[in-house]
Each structure stands twice: as structure tokens, then as C-alpha cells.
Amino acid sequence: MYITQSLKRAVQTNSQGIATIDGDRQQTWQQFAARVAKVAGAFQALGLAQGDRIAVLSLNSDRYLEVYYAVPWFGGVIVPLNTRLAVPELVYMLNDAGATCLLVDDTFAPLVSELQEQLETVRYFIHMGEGEVATLLLDYETLLVQSEPIPDVGRGGDALAGIFYTGGTTGLPKGVMLSHTNLMTNCLTLLSHVYTGGTWRYLHVSPMFHLAGGAFVSMVTIIGGIHCVISGFHPEKVAQAIQQQAITHVQMIPTMLNMFLNNPQAQTFELSSLQYILYGGSPMPEATIGRLRDKYPTCRLAQAYGMTELSPIATILDDEYHVFEGVLTGKTKSGGRPAFGVEVQIVGEKGDALPAGAIGMITVRGPNVMLGYWNKPEETAAVLYDGWMHTGDAGYIDEDGFVFIVDRLKDMIVTGGENVYSTEVENVLYRHPAVAMCAIIGIPHDVWGEQVHAIVVP
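What comes next is a walk through the structure. Residue numbering note: each chain is counted from 1, following its sequence as written. The model is predicted, so local features are restricted to residues of pLDDT at least 70 and side-chain atom pairs to those at 80 or more, both for listing and for counting; the totals for chains, interfaces and linings are taken over all residues. Note that the side-chain values use all heavy atoms of the structure and ignore hydrogens as well as water.

## Considerations on unusual backbone geometry
For the record, the criterion: Comment: elements are numbered from the N terminus, with helices defined as DSSP H or I runs of at least four residues and strands as E runs of at least two. For every residue, the accessible area obtained with a 1.4 Å probe (protein chains only) is divided by the maximum for its type, and the residue is called buried under 20%, exposed over 50%, and partly exposed between those limits.
With an omega of 5°, the peptide bond running from Ser 311 to Pro 312 counts as cis. With respect to the helices and strands, the residue Pro 312 is situated in the loop between β14 (300–306) and β15 (313–317). Not every positive phi belongs to a glycine, and Ala 246 is a case in point at roughly 50°. Note on placement: Ala 246 falls in the loop between α9 (235–245) and β12 (249–252). Residue Ala 246 is classed as partly exposed on the basis of its relative accessible area, which comes to 34%. If you check the backbone angles, Asn 375 has positive phi at about 60° while not being a glycine. When its relative accessible area of 54% is taken as the criterion, Asn 375 is described as exposed.

Spelled out as C-alpha cells, the structure:
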């Protein structure tokens, strides 16, 4: 499998169909593929080689989508950078990855002069925005016009496709190495659960640098759907885009959905086109699920649990289990059951498989598991062994095979010798109608060691 297969299929099956809509710009799949081949030709003309790391620091855009395909088209490795990071963190990631090229949009172009002084390997800076191009930068559209299209090199399988940096809670960021097989497995796995035919009009709300959003690039492409793009999340802008573009599918993290439901202006738009809301990234409070069901009764819901190291999906909670009465109730607190092609197992402290209902570490095996951490063999060995990815998440599997995630093991609060999982307390607080958002943390206590502390937004 290789990433550009999805683009070739879109062109073959829907060449004149709309591929992307970004503001006033839109293009067909045939036009999109032609631009991808020329951007790939521009990379090659600059002297970039197969295996070179191409970094992107940008808000969502149709050009970001083009780069997602142009990089593998010429045989490179994409490195999407978190737009929320400070300069020292960005410098570390660019140097660690050994990136040779950095693409920026209008928002981040002003950082280039500061970054350039500290970067060790980046030779080319490309501006992919709309504003004036600074002297340090090459212009994306000019490069495209001046370049000849090149044929797809066909890089795929277990070859490295992307490095996705994940911060974690301690230590330096780790670059998760994902292969073409990893990413395409994720694409086909999720489609097998949620694709019911028809043409998707998908809205890119989540940032494309994050796999929660980036995972849908190949999914929408392979079915010849329409990528509708907004630069980032704002409840009103999301609702407006859904109404104007007749969006059928959207993915958001629970925090976004909660903010969306709590925004009075967002709720004034006509959103009847929505067919599917997909969510993941953190547990969804049952109260929020209930509000989504009440507000959009004909819209289906699906949750995916996973992590960057899993490309990112391990389990899926299908729509029929998002209920609070009937024979299928009791599963809304779970992350669902293992996705197709994925095995999930709970292990104890000694690595032994635990029975149903016992809490331990969630481990995952399958073609979705990362190649490892870039330049970090020890950290890789600490989580990838015996054929399993050890997630660091605490959870259990019930008698029906549903995986329940109770907390990050390192975030578990131990108070008076008792284990308290923050998500369980958060779920209780979210039931109160006066609570908009909350987070549970452990703070020191002279007697109990730790005590449970709630941070609440009314």
C-alpha cells in the first residue's frame, strides 16, 4: 500500500468531481492531482531527494492537502509541525528530524528569520500563503508554475511516510515514525466502520498537523469526496461552513464539540446536512453525547480511541452504542471494540494478559503500529516489545469485548492508597448542568499523599 494510491483512485473514479474547497478556491480531482505532480516536481528541481524530510508549519488549507500528497509523490517524508508550539520547540523538532525544507503560511512566515538562525539542516523555506513573500522565502505558486510535473515514484509499504511529533507529559518530544502501510491501514480500517456510500463533503476542522485531523486526508480522497477547508476551529465559523457547504461529515475532539454546543450563535445555523460526527482524542462525557443526540437526532456518531503511535486508531465505538436505553446501553463510556485488523490486550505489571474486567495497561498489535520513534531506539524499545505497542493507558475489556479507558497510568491519582481515575470523576461533574468544562488533577496532601482537585469552567 502507498498513500498516493488514494489520489490515483479519486482521479480515476471522479476526475471532474470537486476535490477541494477553500474559501473562493475550488478544484477538481484532475486539477488537484496535476498540481500535486508539479509541486512534487518543484521539490525535485530544488535538489531534494527521496527520504528527505519536508516540514510544514501552517494552518489548514487546500495547499496543505496538496503538500500531503506531493511529498510522498516525489518520495519524501512529511513532518507536520504543531502550530501551537513555541520557537525553541519547533527548532528542536526541525533539527531532530533533519528537515531540509520548511513550508509556512502567512501566519508563520514571520517566524522564519528567527528560526533560520537556529536551524542546522533546512536549506529551503517556501511560503504557501497569500501575503507578500519575504526575501528569505520561495513562493509556492511561483515554484509550481515554473516546475514540470513528475511521475509518482511509487514509494510505499513499510517505507517511512511521515514523522509526527508527540509531546507527551515528560521529556523531549518524540517523532513517531509512520509508514505508508501504517497510514493506509488506518484509512481503510476507519472507512470500513463508517463509510456507508455516497459522496462525503468533509469539513477539516481539526488541525491537519494532528493525526486526529490528518487521518481523514486519505479517507476523503480514496472515496473521491470533497475536502472543505477552514483554517481552524471557531464554533461560529464551523457552523457557518456546515450550512454553506452542506457538510455531511466532520471530526472534532470532545472539547470542540462541547464548545460548539455551548455557543449560542453556532446553534442558529441550519445543520441538517450533517450525517456523521466523528470524535476522539479524549473521553467524551456522557452528558455531551446526550446533548448531541438531542440536538442532532438524525446524525450518526462514532468514537475512535488511539494515539499517534497507532496511526492513530485502535478501537471504534459505532453509532448504535451511543444510546442510554435498550439492550445496547452501557457502552458510551468505552472506546469501543478493536478496529478491523487490530488486536487489543490488557496486561498486568509483569506483562501477563489479564481477564475481562481487570484494569491494566492497554496494549495493541497490528499493521497500524508505528515503526518506532525517530532517533530514539531506547524509547522505542520501552514501548514496542513482544510484538505489542504498550500505550501507557490504563483500561479494561468487558465481557463483550469493549475497551474502557480509565486514565493515563502516569496520571492516575493515588489518594490514601486508593487509585482514582480522573476521567471517572470528570464524567460525574459533567452531569451537572452548571459545568461547561472541567479537568481533574492530583495535588499534594500531607495525610493522603495526593488529593483529588477539580478545575471547573462554569
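Past the structure itself, the notes keep going.
## Thoughts on helix α2 (residues 29–45)
Short version of the rule: A helix's residues, less one, multiplied by 1.5 Å, set its expected span.
Along its 17 residues, α2 runs 24 Å from first to last C-alpha, staying within 8% of the 24 Å computed at 1.5 Å per residue. Of the positions making up α2, those classed as buried are Trp 29, Phe 32, Ala 33, Val 36, Ala 37, Val 39, Ala 40, Gly 41, Ala 42 and Phe 43. In the stretch just after α2, Gly 47 is the one whose phi turns positive, near 100°.

## Some details on the packing of aromatic side chains
This is how it is decided: Aromatic pairs are defined between Phe, Tyr and Trp rings, using the six-membered ring for Trp, whenever the two ring centres lie within 6.5 Å; interplanar angles under 30 degrees are classed as stacked, those over 60 as edge-to-face, and all others as tilted. The rule for a charge over a ring is simple: NZ of Lys or CZ of Arg within 6 Å of the ring centre, and within 35 degrees of the ring normal.
This structure, assessed with the given rule, holds eight aromatic pairs. Between Tyr 64 and Tyr 68 the ring centres are 5.7 Å apart and the planes differ by 25°, which places this aromatic pair in the stacked class. Here the residue Tyr 64 and the residue Tyr 68 both occupy positions in helix α3 (residues 62–74), the gap between them amounting to four residues, near one helical turn. The class of Tyr 64 is buried, set by a relative accessible area of 0%. Considering the side-chain rings of Tyr 321 and Phe 402, the 4.8 Å spacing of their centres and the 70° angle between planes classify their relative orientation as edge-to-face. Of this pair, Tyr 321 sits in the loop between β15 and β16 (337–338) while Phe 402 sits in the loop between β21 (388–397) and β22 (403–408), and the two are 81 residues apart along the sequence. Note on accessibility: Tyr 321 and Phe 402 belong to one class, buried. Of the aromatic side chains, those joined through ring pairs into one cluster are Trp 29, Phe 32 and Tyr 69. Taking NZ or CZ as reference, Lys 8 lies 5.8 Å from the ring centre of Trp 73, over its face. Directly above the aromatic system of Tyr 373 lies the positively charged group of Lys 174, at a separation of 5.4 Å from the ring centroid.

## Some remarks on the side chain of Ser 206
Stated formally: Definition of a polar contact: a pair of N or O atoms within 3.5 Å, with one able to donate and the other able to accept a hydrogen when the atoms are protein atoms, and with sequence-neighbouring residues admitted only if both atoms are side-chain atoms. Any two residues having at least one pair of non-hydrogen atoms within 4.5 Å are treated as being in contact.
For Ser 206, the position within the fold is in the loop between β10 (201–204) and α8 (211–222). A polar contact is formed between the side chain of Ser 206 and the side chain of Gln 251, at a distance of 2.7 Å. Filtering out sequence-adjacent residues up to four positions away, Ser 206 remains in contact with Asn 60, Gly 213, Gln 251, Met 252 and Met 256.

## Considerations on the side chain of Thr 185
In this fold, Thr 185 is placed in helix α7 (residues 180–194). Setting aside residues no more than four positions away along its own chain, Thr 185 makes contact with Met 1, Pro 367 and Asn 368.

## Thoughts on the pairing of strand β9 (residues 174–179)
Convention followed: At least two bridges found by DSSP between two strands is the condition for calling them paired.
The buried fraction of β9 is high, at six of six residues. Of the two faces of β9, the one holding Lys 174, Val 176 and Leu 178 and the one holding Gly 175, Met 177 and Ser 179 are both buried throughout. Relative to β9, strand β8 (residues 160–166) is paired through six bridges, and the arrangement is antiparallel. In the sheet register, Leu 160 faces β9, and the bridge partner there is Ser 179. For β9 and strand β19 (residues 372–373), the ladder comprises two bridges, and the chain directions are antiparallel. Its bridge partner being in β19, Val 176 is matched across the sheet by Tyr 373.

## Observations concerning the environment of Thr 20
When you line up the elements, Thr 20 lands in strand β1 (residues 18–22). Counting along the chain gives 12 residues from Thr 20 to Lys 8, while the straight-line C-alpha distance between them is 15 Å. When sequence neighbours within four positions are dropped, the list of residues in contact with Thr 20 reads Arg 25, Gln 26, Gln 27, Phe 32, Asp 62, Leu 65 and His 227. Within polar-contact distance, the side chain of Thr 20 engages the side chain of Gln 27 at 3.1 Å.

## Let's talk about the pattern of salt bridges
For clarity, the threshold we go by: The salt bridge criterion pairs a side-chain nitrogen of Lys or Arg with a carboxyl oxygen of Asp or Glu, the two atoms within 4 Å.
Counted according to the given criterion, the structure contains 13 salt bridges. Residue Glu 141 pairs with Arg 35 through a salt bridge whose shortest N-O separation is 2.7 Å. Of this pair, Glu 141 sits in helix α6 (residues 140–146) while Arg 35 is found in helix α2, placing the two residues 106 residues apart along the sequence. The shortest N-O distance in the salt bridge between Asp 398 and Lys 331 comes to 2.7 Å. Here the residue Asp 398 occupies a position in the loop between β21 and β22, and Lys 331 occupies one in the loop between β15 and β16, the gap between them amounting to 67 residues. Residue classification places Asp 398 among the buried residues on the basis of a relative accessible area of 15%. Given a relative accessible area of 10%, Lys 331 falls into the buried group. A single network of salt bridges, built from pairs that share partners, joins Asp 22, Arg 25, Arg 35, Asp 62, Arg 63, Glu 66, Glu 130 and Glu 141.

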